[in-house]
Amino acid sequence: MNYYPISIEKIKEKIVKKKIFKQPIRSLPFEDILNVKEITNEFGETLVRVDGDIPIDLPIIDGQRFLFISYDQSRYTHGIHKYPAKFFPELPRWLINRYSKPNDLILDPFAGSATTNVEAMLLNRNSVAIDVDPFARYLAKVKTTPIDKFELNETIDRILKQLVAYNPKMIDSEDIPEFPYRENWFAKEILLELAFIKKIILNSTDDNDIKDLCLISMSSIIRAVSNADDNCTRTVVRKKLKKEIYPSLALTKFAENLIINSYRVIDFTNRLKTKPIVEIPDGNDARFLTYPDNYFDLAITSPPYVNAVDYPRTHQLEMYWLGLANGSLSKLKESHIGTEVVKASEYKHLHKTGEESADKKIEAIYKIDPRRAYIAYKYIYDMILNLKEVYRALKPGGRYIIVVGNNRIKGELFENWKYLMNISKNIGYKVENYFGSEIIKHFIKVPREERITTDWIIVLKK
């Protein structure tokens, strides 16, 4: 007799009803105008709305604003795991098509969940994904790894059979990882279920790529089955939330996500016409690349913002269960550009970047909050290092395309994109285009007055 009455057939029926593979709108010529039209927003401003794939030769006027409607955010391996502030896939797909050719080498120095790299593979481009965060690199590896359908299906069948035979007596105390406030984050039953899931994954196959996919599928449910708020980038328990957590939740959610993710990976694998190379190196940083001069054909990225998402805190529970961390995350937080982890000694005095308009804002912020002023300064300082490093590593004529938004810090509008554009000219780039992309959906919960409503896309040419 099974410990919980879990039905894999019912889980599969539920998945079928979700219709996770909706056909996206394919590329259309601009003249067709079916997916490209002018609209007026609630403020009376004219925008160009583009639904689905963006036409390669879409005309762009400097300063123009677009509303891109994405249909592919969960398609292929893009939907394998929730990740804050993700690219919508149509944007890097368009930029890769527009500014590169097959077999070119593409860099994303702030790769995050590797949206750029997945799209590069699908378009037969080789790529490099750089990120200081170990969770991002692990997720990127899973999302860019094609897997044999038959071996994957055999492994999943074995895992699902063991899942329905769950018994908590099969778990030893050492199967549950130690990490701070463990019992605060998880109910006892959920700790046992997650430990069981991880144990059967590790024993399910000798194929490390399949094992990693299964572990990421486990990771993808961890926030949902924890006591933490599902919809906040900060991992916090809110007593008023009254989140419903019940025995068997982790087992059933994992089974569902594992099946769905296997579909996504198989779909992705089948779409690959060739076998492009993706490198995800350790020991690299957006500010210090180990790659030689004049190496990359194109770079595309969406860097963090000032007051950035605290990625280590966002994914701390996932990292604990995946064995990527086991204690304090402060050192990892310090390594992120845009971090709020700064020392009091660092903001005793006003710091300047050398970019006049940015320095005026930093000075105004300093009068109100020296700590925030230093965070803003450090962000610009680090982005200068990044701009110089990518310039060095790009081939002559290569482009660096940056997607970045503004912040409001202590009431002051901090226009990141304008500062970075000005700085890039001094480094040697030519600003080829700049245009806006309206943001219509927020996974990130931030105060209304600090919310970003437009991303700016800057096309820089070496």
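Residues numbered from 1 in each chain as written. Predicted model: local features only at pLDDT ≥ 70, side-chain atom pairs only at ≥ 80, totals over all residues. Heavy atoms only, no water.

Concerning helix H15 (residues 416-427)
Working step 1: The end-to-end C-alpha separation of H15 is 16 Å, in line with the 16 Å expected for 12 residues at 1.5 Å each.
Working step 2: Residues of H15 that are buried: Asn416, Trp417, Tyr419, Leu420, Met421, Ile423 and Ser424.
Working step 3: Of the residues one or two after H15, glycine 428 is the one with positive phi, at around 130 degrees. (Helix = DSSP H or I, 4+ residues; strand = E, 2+ residues; numbered from the N terminus. Expected span 1.5 Å × (residues − 1). Buried < 20%, exposed > 50% of the residue type's maximum accessible area, 1.4 Å probe, protein only.)

Brief notes about the environment of lysine 161
Working step 1: On the secondary structure map, lysine 161 appears in helix H5 (residues 149-164).
Working step 2: Taking C-alpha positions, lysine 161 is 34 Å from glycine 112, a pair spaced 49 residues apart along the chain.

Observations regarding the pattern of salt bridges
Side chains carrying opposite charge are able to pair once their charged atoms draw close together.
Working step 1: Going through the model one piece at a time under the given rule, you end up with 25 salt bridges.
Working step 2: A salt bridge links arginine 49 to aspartate 51; the shortest N-O distance between them is 2.8 Å.
Working step 3: Using a relative accessible area of 27% as the deciding quantity, one classes arginine 49 as partly exposed.
Working step 4: According to the relative accessible area criterion, aspartate 51 is buried, its value standing at 10%.
Working step 5: For aspartate 230, the salt bridge goes to lysine 243, with nearest N and O atoms at 2.5 Å. Here lysine 243 lies in the loop between helix H8 (208-225) and helix H9 (249-271) and aspartate 230 lies in the loop between H8 and H9, a separation of 13 residues in the sequence. (Salt bridge = Lys/Arg side-chain N within 4 Å of Asp/Glu carboxyl O.)

Considering the environment of alanine 111
Working step 1: Assignment of secondary structure puts alanine 111 in the loop between strand S4 (105-108) and helix H3 (115-122).
Working step 2: Given a relative accessible area of 7%, alanine 111 falls into the buried group.
Working step 3: Taking the C-alpha atoms as reference, alanine 111 lies 9.2 Å from valine 132; in sequence the two are 21 residues apart.

Description of the nonpolar core
Working step 1: Judged by nonpolar contacts, the single largest core of 63 residues is most densely connected at Leu163, Phe186, Leu194, Ile197, Met218, Phe254 and Trp321.
Working step 2: Going through the elements one at a time, helix H1 (8-18), helix H4 (134-143), H5, helix H7 (188-202), H8, H9 and helix H11 (316-322) are the ones with two or more residues in this core.
Working step 3: Take this core: its biggest share by element is 10 residues, from H9.
Working step 4: The contacts of tryptophan 321, once residues within four sequence positions are left out, are Ile176, Pro177, Phe179, Phe186, Leu191, Leu194, Ala195, Lys198, Met218 and Ile222.
Working step 5: Formed by 44 residues, the second largest nonpolar core is a distinct cluster that contains Phe110, Tyr305, Ala373 and Leu394. (Core = buried A, V, L, I, M, F, W, Y, C linked by side-chain atoms within 4.5 Å. Contact = heavy atoms within 4.5 Å.)

Remarks on the pairing of strand S11 (residues 430-438)
Working step 1: Of the pairings in the sheet, the one linking strand S3 (residues 65-69) to S11 comprises 2 bridges and is parallel in character. Note on S11: the bridge partner recorded for arginine 65 is glycine 436.
Working step 2: Summarising the sheet, S11 and strand S12 (residues 454-461) pair through 8 bridges and their orientation is antiparallel. Bridge pairing in S12 links phenylalanine 435 to isoleucine 457. (Pairing = 2+ DSSP bridges.)

Such coordinate-based values are descriptive only and should not be taken to indicate function.
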